[in-house]
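# A look at the structure
One letter stands for each residue in the lines below.
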Amino acid sequence: MTELNDTLDVRRGDIKPLPFSAPYWDGTRSKRLMLQYCPRSGSHQFFPRPVSITTGRADLEWREVDGRGHVYSYTITQVGLGPFKGHEPYAVIIARLDAGVDIVSNIVNCRREDLRIDLRIRPYWMPLEDGRHLLLFEPDPAA
């Protein structure tokens, strides 16, 4: 069976965070996953936004979560675009975190035959040149 490319050697573009996402990116420097939390609805949200997606209010808090969850869905990309061209095949997943948010990302350190819906995953922090880290996922050996 064909092995998946981890995409760890794919150079990611410069990330220019908007002011309301700064706490998320600051947390990645120490490999901490910070999510916005709406105290009125009692729910987390991702990606960072200036207001709650449930109430439309700006009274959001930042809370650290462990980032564990499961593969909700995935696809194997056979034709990569942009910087991913030539790094095929690789997997793109929707990670459903235990905290209740979905994140589209890559999965690394995972053989193609092991990738499946409901596979338990944990964060994998890929270092970026500026000291921040990019959130990817890998199988959770504790599951």
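A brief look at the structure comes next. This structure is a prediction, so every number in the text was calculated from the model and none was measured.

Cut-offs applied
Residues numbered from 1 in each chain as written. Predicted model: local features only at pLDDT ≥ 70, side-chain atom pairs only at ≥ 80, totals over all residues. Heavy atoms only, no water. Salt bridge = Lys/Arg side-chain N within 4 Å of Asp/Glu carboxyl O. Buried < 20%, exposed > 50% of the residue type's maximum accessible area, 1.4 Å probe, protein only. Pairing = 2+ DSSP bridges. Helix = DSSP H or I, 4+ residues; strand = E, 2+ residues; numbered from the N terminus. Axes fitted to C-alpha atoms, helices over the stretch in contact; angles between N-to-C directions. Polar contact = N/O pair within 3.5 Å; in protein donor to acceptor, adjacent residues only side chain to side chain. Contact = heavy atoms within 4.5 Å. 1 Å grid on protein atoms, 1.4 Å probe; cavity = no way out; pocket = protein on both sides within 12 Å on 5 of 7 lines; lining within 4 Å. Points joined across faces, edges and corners; volume = space filled by probe spheres on them. Nonpolar A, V, L, I, M, F, W, Y, C, P; charged D, E, K, R; others polar.

### Side note on the pattern of salt bridges
According to the stated counting rule, one finds twelve salt bridges in the structure shown. A salt bridge links Asp-14 to Arg-11; the nearest nitrogen and oxygen atoms lie 3.9 Å apart. The partner of Arg-132 in a salt bridge is Asp-130, with the nearest N and O atoms 2.6 Å apart. On the basis of relative accessible area, Arg-132 is assigned to the buried category, the value being 8%. Connected through shared salt-bridge partners, Arg-11, Asp-14 and Glu-129 make up one network.

### Digging into the sheet that holds strand 7 (residues 120-127)
Spatially, five strands are ordered 6-5-4-7-8 in an open sheet, and the strand pairing comes out antiparallel. Looking at which strands have only one partner, the edges of the open sheet turn out to be strand 6 (102-106) and strand 8 (133-139). Taking each pair of neighbouring strands and ignoring which way they run, the sheet shows an average axis angle of 35°. Examined bridge by bridge, strand 5 (residues 90-97) and strand 6 share five bridges and lie antiparallel to one another.

### Things to note about the side chain of Ser-52
In this fold, Ser-52 is placed in the loop between strand 2 (43-45) and strand 3 (61-65). From its side chain, Ser-52 meets the backbone nitrogen of Thr-55 in a polar contact 3.2 Å long. If near-sequence neighbours (up to four positions away) are discounted, Ser-52 is found in contact with Cys-38, Gln-45, Arg-57 and Leu-60.

### Regarding the layout of surface pockets
Taken as a whole, the largest pocket spans an internal volume of roughly 430 Å³. Lining the largest pocket are 21 residues, and of these Ile-103, Val-104, Ser-105, Leu-134 and Leu-135 lie nearest its centre. Within the residue set of the lining of the largest pocket, elements represented by two or more residues are helix 1 (22-28), strand 6 and strand 8. Approximately 180 Å³ is the volume found for the second largest pocket. Classifying every residue of the lining of the second largest pocket gives five nonpolar, one polar and six charged.

### Here we look at the pairing of strand 1 (residues 33-38)
When you tally the buried positions in strand 1, you get six out of six residues, the bulk of the element. Taking every second residue as pointing to the same face, both faces of strand 1 are buried, with Leu-33, Leu-35 and Tyr-37 on one and Met-34, Gln-36 and Cys-38 on the other. With five bridges connecting them, strand 1 and strand 3 associate as antiparallel partners. The residue bridging Tyr-37 from the neighbouring strand is Glu-61, located in strand 3. Of the strand pairs in this sheet, strand 1 and strand 2 are connected by three bridges, and their pairing is antiparallel. If you follow Tyr-37 over to strand 2, its bridge partner there is His-44.

The values are spatial; any link to function lies outside them.
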